[in-house]
Every structure is written in C-alpha cells, then in structure tokens.
Amino acid sequence: MTQITRRQTLKGAAATVGVTLFGGLGSIRPASAATEVTAVEWGGDVVNAMKKIEENQDKVQINWVLHQGGSGAILPKIKATWPNAEYDYVAGWEGSFNGMIKEDWLVPVTVDTVPNLADIPQKIIVKNANGDWMAVPRAIGGIYFAYRKDISPIELKSIDDLFDPSLKGKICWPGPTQSMMLQIVALALHAGGNEHNTDPGWALMKKLAETGNIGRVGVTDTDFTTSLTSGETVGGFYSEPQLTAVAKSFPVERLTKNEGLPVFLYQSGFAIFKNRPNLEATLQFVNHSISPEMSSVYAEIAGEAPLNVKAKTPDSLKHLAFTPEEMDKYVYVPDFNEVLNQQDAWTKRWENEIAPLL
Amino acid sequence: MKPDRSSLPLLFPAAAVFLGFFFLPLAGLLVESFRLYTPGSIGSSADAPLTLGNYTELKTPAFAEFFFETMRISFLTSIAGLVFALPLAHWMTRRLPSRWRVIAVGFFVTLMFLSVLVRTYALELTFGAAGPLRPILLSLGISPNGRGYIEVLVGAGLLHYIVPMATLTLLGTIQNVDPRLFDAAQSLGAPGWKAHLTITLPLSMRGLLAAFLFAFTFSISAFVIPMILGKGRVLFISNLIYNRFSETANYPSGAAISIVLFVVALAIVYVISRQVNKRWQP
C-alpha cells in the first residue's frame, strides 16, 4: 500500500504553489496606465454610445454598471452603502439628480474642473440651493406621444384620439414610476390644468383607463420597446430612448410638433460622487464625454440631442430641434420642483384611482 | 417530549443567522414603517418623527383591492397547483417504476431551479399579446390584452413553480398512505374515485396543507412573475412594495406595506393550519 507522508504532502503543496505562482507570472501583463472608474449607465444604445466614447480616450478605463429599473432605483442602493458606495458617476436626469443633491452626495462642477461645460447652455445645468452646478448635462431627450404608422388603425393627431374605440388594448401607457408622471401633466394641460392643478388630468386619465384602450402599462424601458416592436400596442406616451431602437426598424411617427400634444424635454447627464478616490479621472472622462466630437457620437448612437453648442445634431434627431417659435408652441416646460415633489403623492393617486380601472 | 438540553448548542449557528439576517432587518423595517417621510427625499431621515400615517394611508378601498387581488390569484393558483400535483405525486409514487421515479424527481427538482426570468419570458413570448398563439386566441374571442387573460397568464407563471414544489412535497405524503386501505375499500366494492375521495384524500390532508401553504406563501410574495406577465395592470402587493422602495424612495410607506403583508400572511397561515389540524387530527 502506498503511504503518503507529511514530507511528500508538503513537497506536493510547494510544487503546486510554485507552478501556480510562476506559471501565472507568464500571463501577467504590464499594468495599464488607465485609472479605473465605475459608472452607472443606461443599457442598450446609451451604454453602447458611452463605450464608443470610452474607446476614444485611454486615460480612464470604465467598469460599466447598468441601471436596473427607473433612474431612482439606484438611490436606495447608494444610500444603504453611503459613504462607501462604489460609483464614480451615475447617469441620470433632473429627477434622480434632485434626490442626490438633497442627500449631499455630489461634487459641484465648474468650468475649471469640466472645461467643456463652457459650451453647454448654463440655463439647463442642475443647481443646488446655493446656485452651485451639481451635475453635468450631456444631451436632451424628449417625452412625447408617438405611434407606429404601419399598424395603428387610426392616425393620432390629438389626445382625444386616444379614446378611439379602434385602439382597444392598443395603447402602451407609462406606469406611475415612469416619465416623472408627465403623462398626467400632458392630460392636465389638454383638460385645462397644469402640473400645479392635475385634477383635470386625473379625471381624463380615469376616462382613458375605463375605455380599455390601455393594453400595457410600461414599467421599464424594455416594456415600451418590446410592446411597440412586437405590435402588441401601437402607440402611447414615450421617452426618447424607448423609441430610438424601434424607430430604426419601424415607421414611428413622433408627435413632437402637433398642437395639443405637448412635448417635454429632459436632460440626461452625469452626477459625480464626492466620496470616490478617482475624482480627477472621473471629471476628466466626463469632460471628454461632453466635448463637441463625443457629444455628436453620443447623439448618433444613443438618440438624444447634443447639448454642446459646437456638436452636430444628426438628422435622425431633427424632431427634437425646435425654432424659438416652435419651442413656445409645442414644448411645455413644467415646474420640475413641483413635479419631483409630487412623485410620491401621484404614485399613490395612480394606485388608488387608476390601477383598479385597468 | 422535552428537547435534550445538551443538543441546544447545535441550534446556535442557525439561531444566530436568523437573528442577524431575519429578525434584526425585520425590526429595522418595523421602525422605518413608523417614520415620517418627506416627499423628494430618499427614505426617512435619521431624526424623522414617528407617525402612524404610513399605516392609516393604507385604509383605502383601492389598497384593500390590491390585497384582495393578490390573495385571490394566489389562492386560486395554489388550489389549481394542488389539483395538478396530487394526481401527479400519486402516479409517481404508486405507478412509476423506481428507476423512472428517480428521473422524474430529478426533473421536478431541475424545474424548480430553472431561472424564473427565462420561464416567465417563455410564457410571455408564447402566450403574450404578440405570441404565436395570438391568432388562435383571437379566433376564440379571447383578447390577449384583456384583464381576465392577463390574470390567467400570471397564474400560469406561478404554476410553473407551484406544481413541481407541491408534487415534491406530496411524494412523501402519498408514500405514507397505506395502499392496503385503498385496496380494501375497492375489494368491498367502492369505485376507484370514491376510494380516493374517502381514503387517499383525507389521509393526505396534512401534506396537502403543507403543499398549499408553500404554494400560497410563494405566490403572495411573487414579484417578477406579476411584474412581467401582469403588464403593469395586474399588480401584486410585492410590486407596490418595490415601487415604494426603489422608484419613489418612500421607504416608510414600503416598510408599512411589507409589515402589513407579513402580518396578513402569518394570520392566514395560522388560521388555515389551525382549521385543517382541527378537522383532520393525525
């Protein structure tokens, strides 16, 4: 019988360690000069655009993390681990930035730290109570009504058309946590109200729910995209990224310049966290991302219009280019503070008054 | 029988895990449910005053309806699951050769470990509004976007888990029913169905209760299945809880709903167990 001695065991172990260590050395590559940064981004075309932007520089290497659910879904995760949250920047919009500012998580930005901000209209930059710039805008997108021309039984021209019986089960409508509930503001505007007086909008929403025309209530971006792509529904109220992919393959009519169908604009951008060690590298990458060239790349791939005044707006985003007259006529700029403060109350109102009718 | 005190230390690791990962977080949730929430903030602040408001705001007909809907679909699906699982477990135990029984058990165990997302999307793609069965549904006058159909689809998603889980639970139950009792009933002239109703079913009742409770508690806490198959129209309480925590960051309200769901689920489990135990004493 072969006996294994302690000496043999130790020799075997030493040999194994040696092979592992020295064998492994062969595969060790020279250390990369790039600084690693962890970024939270939207999936699909947005992260594809950001990866392309990453490829165009070599100073920062990004560890991509994707949003799961709405832009607010990341907030509890950050709060639970703060100040040890491991995100250098989080892509978001006014809604999520507002919450982050209230929690005092963000580092203020200036033209000194992000020089390309000089080419971004200052009016649009999100500020805190002291007027400090708290996020870096990169693009604007729209939230508006749209439909697929090839399968819609009717031509959508006004909000009243949503009640047409031929659209039974054919409308995809945003759920209570989507689009900042601007869909209710849109209905309110149609019925003579606004974001401060949404009662007319809720009354109209109830009527719409009762028609049975809402076939799907979208709770994630994918819901909207797949529902419209598959033909399950033919139209509804969408935010820009939900339509970008669909519009590449199907004739999507974006109703951004129709009287009576309001368009809302939102900015997407970067919130930079102050607890992270690689702040300088993050600022450098963000600055690179909003340069004129990279803004154009982003617009082309992600389908959001560039905010950098020196960047080129692709033809596919002409529906988001407004003359000053068109801006007055079609675009509604709500009081975002009111909209954001009402999110909780509106969500509950949806659950109490609308959900039982669907 | 009194527990042997010398074996008590064996319980400490499990007790520590439960204390650290179940009771403490639950206590935190309970405290959070009494905190005042300021709209626009993320959760409650550490010095937020205590309030009953998060509970009183749930006293609405709409919220009661969410609860009722969750309970109704879960209850009906659990019963349907048992209707499928009991004959299946009986067949596997009594009719299947032992070699095939092992394969069948392995199959059901594998089914339980299949990704919930994969199964749910498979159902959505096949039976959804754009699935290949759409023309058949429409020709039968069934609207794939109709409320009733969506509820059935959510139920089907839950059955994917309930049937294997209940079948595996009932295997031991059926095995413990003495087959000679069934044979005796038949030899005395009872038809097969009557022998099953009067012998197999009553003797399996406690196992059926266990399987039902597994199925029911799984169903009322289901999240992904109603989220995907419910099309945002059939919402379970878990979906409301998720919205509160992850979308509007109103942790106190989410915590209050969670506590209510927890208490209601415990009460239902207690009442059903008590009734079944009273009616069918071992």
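Data block above holds the structure.
Bear in mind that the values here come from a model prediction, so they are computed numbers and not experimental data.

Asks: I would appreciate a short explanation of the nonpolar core in the present structure.
Replies: Within soluble globular proteins, side chains that are nonpolar tend to cluster in buried spots. Residues Phe145(A), Trp173(A), Met205(A), Trp350(A) and Ile237(B) are the most contacted members of the largest nonpolar core, which totals 75 residues. Examining the composition of this core, we find that nine residues originate from one element, helix α3 (residues 61-94) of chain B, more than from any other. If sequence neighbours within four positions are ignored, Met205(A) has contacts with Trp173(A), Ile184(A), Leu187(A), Ile214(A), Trp350(A) and Ile354(A). Counting 50 residues, the second-largest nonpolar core is a separate cluster that includes Tyr144(A), Ala146(A), Val252(A) and Met294(A).

Asks: How do you make sense of the packing of aromatic side chains when you look at a structure like this?
Replies: Aromatic ring pairs are described here by two measures, namely the spacing of the ring centres and the angle between the planes. All names here are of chain A. Summed over all chains, the structure comprises 24 aromatic pairs over all chains. Ring centres of Trp173 and Phe237 lie 6.2 Å apart, and the angle between their planes is 35 degrees; this geometry places the pair in the tilted category. Taken together, the residues Trp173 in strand β5 (residues 171-174) and Phe237 in strand β7 (residues 235-239) connect sequence positions 64 residues apart. Across the pair, exposure class does not vary: Trp173 and Phe237 are buried alike. Within the aromatic cluster, the residues linked to one another by ring pairs are Phe145, Trp173, Phe237, Phe264 and Tyr332.

Asks: Just to check I follow, could you spell out the interface of chain A and chain B for this structure?
Replies: One frequent convention defines the size of an interface as the accessible area lost when the parts assemble. Counting residues at the interface gives 34 residues for chain A, matched by 33 residues for chain B. In total, chain A and chain B occlude about 2700 Å² of area from one another, counting both sides; carbon and sulfur atoms represent 51% of this. Connecting chain A to chain B are four salt bridges. Its salt-bridge partner being Glu351(A), residue Arg244(B) comes within 2.7 Å of it at the nearest N-O pair. Along the contact surface separating chain A from chain B lie 11 residue pairs in polar contact (both at pLDDT 80 or more). For the side of chain A that touches chain B, the secondary-structure elements that each account for two or more residues are α3 (74-81), α4 (94-102), β6 (214-218) and α13 (343-354) of chain A. Sort the elements by how many residues they give to the side of chain A that touches chain B and α13(A) lands first, with six residues. Considered class by class, the residues forming the side of chain A that touches chain B number 12 nonpolar, 13 polar and nine charged.

Asks: Sorry if this is basic, but what is going on with the layout of surface pockets here?
Replies: All names here are of chain A. Roughly 870 Å³ of internal volume is contained in the second largest pocket. Looking at the lining of the second largest pocket, the elements with two or more residues in it are α4, β9 (264-272), β10 (305-306) and α12 (336-341). Broken down by class, the residue content of the lining of the second largest pocket amounts to 21 nonpolar, five polar and four charged. Both domains that meet at the lining of the second largest pocket, namely domain 1 (35-140 + 267-327) and domain 2 (143-265 + 334-357), each give it at least three residues.

Asks: Sorry if this is basic, but what is going on with the side chain of Ser74(B) here?
Replies: Secondary-structure assignment places Ser74(B) in helix α3. The contacts of Ser74(B), once residues within four sequence positions are left out, are Phe216(B), Ser219(B), Ile220(B) and Phe236(B).

Rules of the game
- Along each chain, residue indices are assigned from 1 in the same order as the chain's sequence is written.
- The naming scheme follows written order: chains are lettered A onward, ligands numbered 1 onward.
- For this predicted model, a pLDDT threshold of at least 70 governs which residues receive local features, and a threshold of 80 or more governs which side-chain atom pairs are given and counted, while totals over whole chains, interfaces and linings are taken from all residues.
- As a rule here, side-chain values come from all non-hydrogen atoms in the structure, and water together with hydrogens is ignored.
- The set of buried Ala, Val, Leu, Ile, Met, Phe, Trp, Tyr and Cys residues whose side-chain atoms join them within 4.5 Å is what this entry labels a nonpolar core.
- Summary of the burial criterion: residues with accessible area below 20% of their type's maximum are buried, those above 50% are exposed, and those between are partly exposed, where the area comes from a 1.4 Å probe applied to protein chains only.
- A helix here means a DSSP run of H or I that spans at least four residues, while a strand means a run of E at least two residues long, and both kinds are numbered starting from the N terminus.
- Contacts were defined at the residue level, with two residues in contact if any of their heavy atoms lie within 4.5 Å.
- Stacked, tilted and edge-to-face are the three classes applied to pairs of Phe, Tyr and Trp rings, where Trp contributes its six-membered ring and a pair requires centres within 6.5 Å; stacked means planes under 30 degrees apart, edge-to-face means over 60, and tilted covers the rest.
- The term buried area denotes the loss of accessible surface (1.4 Å probe radius) that occurs when two parts are joined, taken as the sum for both partners.
- The term salt bridge refers to a side-chain nitrogen of Lys or Arg lying within 4 Å of a carboxyl oxygen of Asp or Glu.
- By the criterion applied in these results, polar contacts are pairs of N or O atoms within 3.5 Å in which, for protein atoms, one can donate a hydrogen and the other can accept it, and in which residues neighboring in sequence qualify only through two side-chain atoms.
- Here the term charged refers only to Asp, Glu, Lys and Arg, the term nonpolar to Ala, Val, Leu, Ile, Met, Phe, Trp, Tyr, Cys and Pro, and the term polar to all other amino acids, Gly among them.
- Site definitions follow a grid-based scheme: protein atoms alone, a 1 Å grid, a 1.4 Å probe that fits but cannot get out for cavities, and for pockets an open set with protein on both sides within 12 Å along at least five of seven lines, plus lining residues having an atom within 4 Å of a point.
- Grid points are joined across faces, edges and corners, and a volume is the space filled by probe spheres set on the points.
- Note: domain ranges come from an automatic or database domain assignment.

The values are spatial; any link to function lies outside them.
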